[in-house]
Amino acid sequence: MATTTTTNGNGKNGRNGPPVSPSLERHQSVVLFEDDIALSVIENDLDQLLEQADLSVKTVMTENLNGFKTLFQHYLEERKHGNKVDWRKISPLPSGAVIDYSEIASVGVSSIALNKAKAKELLNKLVVVKLNGGLGTTMGCVGAKSLIQVRDDATFLDLNVKQIELLNQKYKTSVPLVLMNSFNTLAEIIRVKHKYDRRVPLYMFEQSCYPRINQETLRPLPETPNIKDGEYILITDTDLILYLPSGI
């Protein structure tokens, strides 16, 4: 059974007293707390983050932090029942799960004209989704990885757009490009989006943003939201690691 710590009349920590207040110092751990107390502490931490958020992003941040709280509740439930990941059950995809390009069946039409018609029919069902949340820091670059210039001043994103643009022109289709941005890349991509608006149908959305937690205390690492004017402002490398894109 978990042991809670309280403060007695002389200011020293006592054991097995009434439930602790959910407001704790940042360094104090919730690892040994009962689940309801641990969740109260986390909720208090998240409320403090939310109170500091700019009004323009408070709604989005509330959704993010509620999602994080739900995930944390799930973790507490798993911990309560002693469930752990059995890494022996984690294995590669079975053979045949990924089809090699050379093994994909052709459309089965001999005429070039009919081939194009069939290709157009199939392409009209296609949507290209690109994961666009990474930074170029591991490559020694600054900013969104997709905006790194790689050939004749063209960026990765330029080449992606050009590829789809040529496809649409050749088959008279309108295949869209959808970018899944992270809070790290969204602002930069918004600034360059106008370059592509008339070339391909371009859509984008942002991954949700969850705070990282301290491995020792299970408390959220960030003390401030670092959000302003609708963007996540990452002031230092330390700030950068405090938030984690959670996926779609």
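Residues numbered from 1 in each chain as written. Predicted model: local features only at pLDDT ≥ 70, side-chain atom pairs only at ≥ 80, totals over all residues. Heavy atoms only, no water.

## Points about the overall build of the chain
Along the backbone of the chain there are six helices and eleven strands. Taken across its 248 residues, the chain has 33% of its residues classed as buried. Considering only contacts within the chain whose residues lie at least 6 apart along the sequence, 63% involve residues at least 24 apart. Carbon and sulfur atoms provide 54% of the accessible area of the chain, an area that totals close to 16500 Å². (Helix = DSSP H or I, 4+ residues; strand = E, 2+ residues; numbered from the N terminus. Buried < 20%, exposed > 50% of the residue type's maximum accessible area, 1.4 Å probe, protein only. Contact = heavy atoms within 4.5 Å. Areas by Shrake-Rupley, 256 points an atom, 1.4 Å probe, with all protein chains shown as cover.)

## Structural notes on the packing of aromatic side chains
Between two aromatic rings, the relevant description is the distance of the centres plus the angle of the planes. Applying the stated rule across the entire model yields three aromatic pairs. Relative to Tyr210, the ring of Phe68 lies with its centre 6.1 Å away and its plane at 70°, an arrangement referred to as edge-to-face. Of this pair, Phe68 sits in helix H2 (residues 58–80) while Tyr210 sits in strand E8 (residues 209–211), placing them 142 residues apart in sequence. A single burial state applies to Phe68 and to Tyr210, both of which are buried. Aromatic rings pair up to connect Phe68, Phe72, Tyr75 and Tyr210 into one cluster. (Phe/Tyr/Trp six-rings, centres within 6.5 Å; stacked < 30°, edge-to-face > 60°.)

## So, the confidence of the model for the chain
Scored by pLDDT, the chain has a mean of 76; 75% of the residues are at 70 or more. Contacts of residues 1–21 to residues separated by more than four positions or lying in other chains number 31 contacts, the stretch itself having pLDDT below 50. Across residues 227–241, where pLDDT falls below 50, the model places 30 contacts with residues more than four positions away in sequence or in other chains. (pLDDT = per-residue confidence, 0-100.)

## Side note on a nonpolar patch on the surface
A grouping of Met139, Val150, Phe156 and Leu159 is seen on the molecular surface, where their side chains present a nonpolar patch of about 320 Å² in accessible area. Within the secondary structure, Val150 sits in strand E4 (residues 149–151). (Patch = residues over 30% accessible without salt bridge, like charges linked within 9 Å, V, L, I, M, F, W, Y side chains within 5 Å. Salt bridge = Lys/Arg side-chain N within 4 Å of Asp/Glu carboxyl O.)

## Comments concerning the packing of helix H1 (residues 35–51) against H2
Angle between the axes and distance between the axes are the two parameters that describe a pair of packed helices. Packing of H1 against H2 leaves a shortest axis separation of 11 Å and a crossing angle of 165°. On the basis of the axis angle, H1 is roughly antiparallel to H2. Every pair of crossing elements has a handedness; the one defined by H1 and H2 is right-handed. Packed against H1, whose contacting residues are Asp35, Ala38, Leu39, Ile42, Glu43, Leu46, Leu49, Leu50 and Glu51, the element H2 presents Lys58, Met61, Thr62, Leu65, Phe68, Lys69, Phe72, Gln73, Leu76, Arg79 and Lys80 at the interface. Counted by class, the contact of H1 with H2 contains eleven nonpolar, two polar and seven charged residues. (Axes fitted to C-alpha atoms, helices over the stretch in contact; angles between N-to-C directions. Parallel < 35°, antiparallel > 145°, perpendicular 65-115°, else oblique. Left-handed = near helix turned anticlockwise from the far one by under 90°. Nonpolar A, V, L, I, M, F, W, Y, C, P; charged D, E, K, R; others polar.)

## Some details on the sheet that holds strand E6 (residues 177–181)
Pairing in this open sheet of three strands is parallel, and the strands run E3-E6-E7 from one edge to the other. Edge positions in the sheet fall to strand E3 (128–132) and strand E7 (202–206), since each has one partner strand and no second. Strand-to-strand twist across the sheet, computed as the mean angle between neighbouring axes with direction ignored, equals 20°. Relative to E7, E6 runs parallel, the two being bridged by five bridges. Along E7, the bridge assignment pairs Leu179 with Met204. Of the strands in this sheet, E3 and E6 are in contact with helix H4 (residues 156–171), which crosses E6 at around 155°. (Pairing = 2+ DSSP bridges.)

## A look at the pattern of salt bridges
Side chains that carry opposite charge are capable of pairing whenever their charged atoms lie near each other. For the structure shown, the criterion picks out eight salt bridges. Of the charged contacts, one joins Lys69 and Glu43 as a salt bridge, the two residues approaching to 3.5 Å between their closest N and O atoms. With Lys69 in helix H2 and Glu43 in helix H1, the pair connects residues that are 26 residues apart, well separated along the chain. Residue classification places Lys69 among the partly exposed residues on the basis of a relative accessible area of 24%. With its nearest N and O atoms 3.0 Å apart, the salt bridge here joins Glu165 to Arg199. Of this pair, Glu165 sits in helix H4 while Arg199 sits in the loop between helix H5 (186–192) and E7, placing them 34 residues apart in sequence.

## Side note on the side chain of Asn181
Inspection of the secondary structure puts Asn181 in strand E6. Not counting residues within four places of it along the chain, the set of residues in contact with Asn181 comprises Asn132, Gly133, Leu186, Ile189, Met204, Phe205, Glu206 and Gln207.

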